[in-house]
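Each chain, written out:
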Amino acid sequence: MSTNHNQENVNNHNGINATDDAEDKTVIVNPEPALAAAAQMEQDSETNETVENDKATHKEALGTMTSKVTDASDFGKVAVVYGGNSNERSVSLDSGAAVLQALQNQGVDATHFDPKHQDIIEIREYDRVFNVLHGRGGEDGLLQGVLQWLDIPQTGSGILASALGMDKVRTKQLWQGCGLSTAPFSLLTADTDWQQVVNMLGLPLIIKPVHEGSSIGMTKVNHLDELPAAYATAVQCGDAVMAERWITGREFTIAIVDDEAYPVIRLEPADITNFYDFEAKYNRNDTSYYIPCGLNANDEKHLQALSLAAFCAVDAKGWGRVDAMQDEAGNFWLLEINTVPGMTSHSLVPMAAKARGMDFDTLCWHILVQTV
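Scoring rules and cut-offs
- Residues numbered from 1 in each chain as written.
- Predicted model: local features only at pLDDT ≥ 70, side-chain atom pairs only at ≥ 80, totals over all residues.
- Heavy atoms only, no water.
- Buried < 20%, exposed > 50% of the residue type's maximum accessible area, 1.4 Å probe, protein only.
- Helix = DSSP H or I, 4+ residues; strand = E, 2+ residues; numbered from the N terminus.
- Arc of directions from axis to C-beta.
- Lys, Arg positive; Asp, Glu negative; His and termini not counted.
- Salt bridge = Lys/Arg side-chain N within 4 Å of Asp/Glu carboxyl O.
- Polar contact = N/O pair within 3.5 Å; in protein donor to acceptor, adjacent residues only side chain to side chain.
- Contact = heavy atoms within 4.5 Å.
- Pairing = 2+ DSSP bridges.
- Axes fitted to C-alpha atoms, helices over the stretch in contact; angles between N-to-C directions.

Caption draft 1: Structural detail: helix α8 (residues 227-235). Among the residues making up α8, those that are buried are L227, A230, Y231 and A234. Angular distribution of buried residues about the axis of α8 spans 100°; they occupy a single face of the element.

Caption draft 2: Up close: the side chain of D327. Take D327: it is sitting in strand β13 (residues 319-327). Within the buried set, D327 has no salt-bridge partner at all; the shortest N-O distance to an opposite charge, 7.9 Å, is to R245. Polar contacts involving the side chain of D327 include one to the side chain of W333, which spans 2.9 Å. Leave out the neighbours within four places in its chain, and D327 touches I247, T248 and W333.

Caption draft 3: Main features of the pattern of salt bridges. The full count for this structure, using the stated rule, is 8 salt bridges. One salt bridge connects K208 with E244, and the closest N-O pair in it is separated by 2.7 Å. On the criterion of sequence distance, the pair formed by K208 in strand β6 (residues 205-209) and E244 in strand β8 (residues 241-245) is long-range, its members being 36 residues apart. No difference in accessibility class separates K208 from E244, as the two residues are buried. Three or more residues joined by partner-sharing salt bridges are found here, namely K172, K208 and E244.

Caption draft 4: Structural context of the sheet that holds strand β3 (residues 109-113). On the basis of which strands lie adjacent, the open sheet formed by 3 strands has the order β3-β2-β4 and parallel pairing. Looking at which strands have only one partner, the edges of the open sheet turn out to be β3 and β4 (128-131). Taking each pair of neighbouring strands and ignoring which way they run, the sheet shows an average axis angle of 30°. Pairing of strand β2 (residues 77-81) with β3 involves 5 bridges; the strand directions are parallel. In the sheet register, A79 faces β3, and the bridge partner there is T111.

Caption draft 5: Representation of the pairing of strand β11 (residues 265-268) in the model. Residues of β11 alternate between two faces, with I265 and L267 on one and R266 and E268 on the opposite face, all of them buried. Where strand β9 (residues 249-257) lies against β11, 3 bridges are found, and the strand directions are antiparallel. Across the sheet, residue F252 finds its bridge partner in β11, namely R266. Pairing of β11 with strand β12 (residues 288-290), which is carried by 3 bridges, proceeds in the antiparallel orientation. Looking across to β12, one finds that L267 is bridged to Y289.

What is shown is where atoms sit, not what they do.
Written out as structure tokens, the structure is:
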């Protein structure tokens, strides 16, 4: 699950909203060597013919994937794993219940499996797993390792990508090594020289637990003397804590399914919140979600290509989500990857899928087909 940043002024709309025409802006020069191939994509993106071709290609690909399974019985017994013991249990319960209902609506023999109340060895009774276990235990490689050991097909990424994706610092270090732009950061300890952190990253800052999602334990810091308290809040979620440069600008999220970047979503929480925090993600109804996102065609293609490169760099598979910012100068900065994204009524992957012409039930079937 995601941990994101600051936003522009908010229009306080609800749901998915149409944006004004994208503002003219200078096309961003691609700084990432891994994305050189995106240039050709960008040249084609402005024509209506290309847009229609993209839609047709997606429909054909979706039909090919779905046709791999012609009957729900082909899946056998499916465990929808959700709940667990992490700090994201409540979100996982909501996500998993929605996925379970979607699969059952289509005749899939799907059952809720909660590792908090069931012995994990009982998972051997199932033919495959739809993993909606957010946070530690389900998103960090632990469940993936158990299922791989038991030779049970599972949705989403494997051990490596899951472990990396749950570790914000190592993900960012990997992206840096691949030449992918990510917001500057620093690890913190109780003995950290706070002034040195400010000298290096500036103010404001965002303080984050390294191994949490859903913005749990995060604090925006505007002044030097707020750093110790912010660190104390984050360290309650685990010893590893990081400070990240605050990026003022627009926030975006990019869903990726079957190596395809879906339409970009722009996020705008109400202006009474400092950032897209847990409340804005799951409990508030005044957060705005924009599809189209307001970027011009070239910039959206660039951001999709950057996100897909980031997804592949950590060896992510099947489906996931990448979060990013665009600063006031127009530069894009990767924030993090989510290998088991939310599937609640407020969640972003279903929104992107809907914009791509796929309803929630079909999306869940489509993800499950990846296990066949």
